[in-house]
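Close look at the chain arrangement
Each chain, letter by letter, is given below.
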Amino acid sequence: MHTLEALARDARALANGEVVLSAPETEVARQMQICNACRYCEGFCAVFPAMTRRLAFGQADIHFLANLCHNCGACLHACQYAPPHEFAVNVPQAMAQVRGQTYADYAWPPALGRLYQRQGLTLSLALAAGLALFLVLVLAVVLQGQGLGALWSAPGSDFYGLFPHNLLVGLFAPVFGFATLALGLGVRRFWREITPATSGAPLSAPATTEATGAVLRLKYLDGGHGDGCHNEDDAHTLARRRYHHLTFYGFLLCFAATSVATLYHYLLDLPAPYDLPSLPKLLGAAGGVSLAIGTAGLWRLNLRRHPLHGDAAQKPMDRGFIALLFLTATSGLALWAARGTPALALTLCLHLGAVMALFATLPYGKFGHGIFRTAALLRHAVEKRQPNPIGLGAD
């Protein structure tokens, strides 16, 4: 009977042109009303100060708050209304469920977002393996039909002796361009939705500086007190923050290595491969090691995470992204070791397949969440500088 009443209510709302909240969005709105009356966690992270500026929570507000949440778990372990209390307040889990919904809702094209959300790990590994196999077959053709056995005796030091530079550009440019386009379209829709709900004021230099600092330092993974957040129990730990830092900056170093190598190739006429102490090699080696350690740590923490933290349905998506990052880092390091050996050709195919799979899935998983969270932090930094529309201290 309750279900029929809910369906009838939603049907009336749709007929009137109103926005109908999904079940996860409705749950976040319910919990935020309770939290707004309590406010014990107001100093924990950016979510709760932003919450106190609202008396009602529309869809845009909910999407904004959900992507502002870092899922550190501090509020769950501090909450007097957490399960098994009848109020069943679990902000990290409720926010995670809405975040997962936003990844699919804002994804372009939407079908890929839903597929990756359901089968992230399987899709990631299958895509990497399939692309690596495709590159093996391409290389067999490049080697003028000498057969797959020739791969083991292919030239052992020159990457471009295996894959011509223009061929690599032709393979990777469309994938990178598609990922950039898909992610850009999704974030643009998200930004346009949350901007009116967060005062509508434009970006300013102080707000941008503050938000950038919060992103680069992962400020809101400190639990609100600097001792860290929670993982499998009530103990505070900085492990998640540190492994996220290793992963984040490792990825940036690897991207920087590729960018510098591109400049070397086109501006200085110095094609790969590079040796120490060249800048591309230094950046790539440091980034690869950092990325491998960071993703291995995040995988371990993900396996041990408290069941009340986050959304269990998103674990395949989370682990798929972690697995691709780890495979990209370790295969890149292995490629360095394989230079001058018969294993170079197959190792190169594995590495390039992992990189292509990583970029193809970037708009649909945890990489996207970093971009959406950055957008939410920017809007929070703007909003907090505007007059508070409610409360005793309102202007």
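Residues numbered from 1 in each chain as written. Predicted model: local features only at pLDDT ≥ 70, side-chain atom pairs only at ≥ 80, totals over all residues. Heavy atoms only, no water.

Another point: a nonpolar patch on the surface. A contiguous nonpolar surface patch, about 610 Å² in accessible area, is contributed by Val-169, Leu-263, Tyr-266, Leu-267, Leu-268 and Leu-270. Considering each element in turn, the nonpolar patch owes the most residues, three residues, to helix α12 (residues 239-267). Structurally, Leu-263 is set in helix α12. (Patch = residues over 30% accessible without salt bridge, like charges linked within 9 Å, V, L, I, M, F, W, Y side chains within 5 Å. Areas by Shrake-Rupley, 256 points an atom, 1.4 Å probe, with all protein chains shown as cover. Salt bridge = Lys/Arg side-chain N within 4 Å of Asp/Glu carboxyl O. Helix = DSSP H or I, 4+ residues; strand = E, 2+ residues; numbered from the N terminus.)

Following Pro-83, the chain continues to Pro-84 via a peptide bond in cis, the omega torsion being 15 degrees. Note on placement: Pro-84 falls in the loop between α5 (74-78) and α6 (91-106). The linkage connecting Leu-276 with the following residue, Pro-277, adopts the cis geometry, with an omega of 5 degrees. Here Pro-277 shows up in the loop between α12 and α13 (279-304). In this structure, Arg-39 takes a positive phi of about 65 degrees despite not being glycine. Locating Arg-39 in the fold gives a position in the loop between α2 (23-38) and α3 (47-51).

At a minimum axis distance of 7 Å, the contact between α12 and α13 shows a crossing angle of 150 degrees. With respect to α13, the axis of α12 lies roughly antiparallel. At the point where α12 passes α13, the crossing takes the left-handed sense. When the residues that make up the contact of α12 with α13 are grouped by side-chain class, the tally is 19 nonpolar, 10 polar and one charged. (Axes fitted to C-alpha atoms, helices over the stretch in contact; angles between N-to-C directions. Parallel < 35°, antiparallel > 145°, perpendicular 65-115°, else oblique. Left-handed = near helix turned anticlockwise from the far one by under 90°. Nonpolar A, V, L, I, M, F, W, Y, C, P; charged D, E, K, R; others polar.)

Turning our attention to the nonpolar core. Looking at soluble globular proteins, one finds that nonpolar side chains tend to be buried together. Ranked by size, the top nonpolar core spans 49 residues in total, and within it Met-32, Val-47, Phe-48, Leu-65, Leu-68, Val-91 and Met-95 carry the most contacts. Elements with a minimum of two residues in this core: α2, α3, α4 (59-68), α5, α6, α10 (165-197), α11 (205-217) and α16 (366-383). Per element, the largest residue contribution to this core is seven residues, and it comes from α16. Formed by 32 residues, the second largest nonpolar core is a distinct cluster that contains Phe-159, Phe-251, Val-355 and Met-356. (Core = buried A, V, L, I, M, F, W, Y, C linked by side-chain atoms within 4.5 Å. Buried < 20%, exposed > 50% of the residue type's maximum accessible area, 1.4 Å probe, protein only.)

Applying the stated criterion across every chain yields a total of nine aromatic pairs. Measuring from ring centre to ring centre gives 5.5 Å for Tyr-264 and Tyr-274, while their planes differ by 90 degrees; the resulting arrangement is edge-to-face. Here Tyr-264, found in helix α12, pairs with Tyr-274, found in the loop between α12 and α13; they are 10 residues apart in sequence, far enough to count as distant. Of the two residues, Tyr-264 and Tyr-274, both sit in the buried class. Among the aromatic residues, ring-to-ring pairing joins Tyr-106, Phe-190 and Phe-372 into one connected group. (Phe/Tyr/Trp six-rings, centres within 6.5 Å; stacked < 30°, edge-to-face > 60°.)

Glancing now at the side chain of Asn-231. Take Asn-231: it is sitting in the loop between α11 and α12. Among the polar contacts listed, one links the side chain of Asn-231 to the side chain of Arg-305, at a separation of 3.5 Å. Those residues in contact with Asn-231 that sit more than four places away from it in its chain are Thr-237, Arg-240, Leu-301, Arg-304, Arg-305, His-306 and His-309. (Polar contact = N/O pair within 3.5 Å; in protein donor to acceptor, adjacent residues only side chain to side chain. Contact = heavy atoms within 4.5 Å.)

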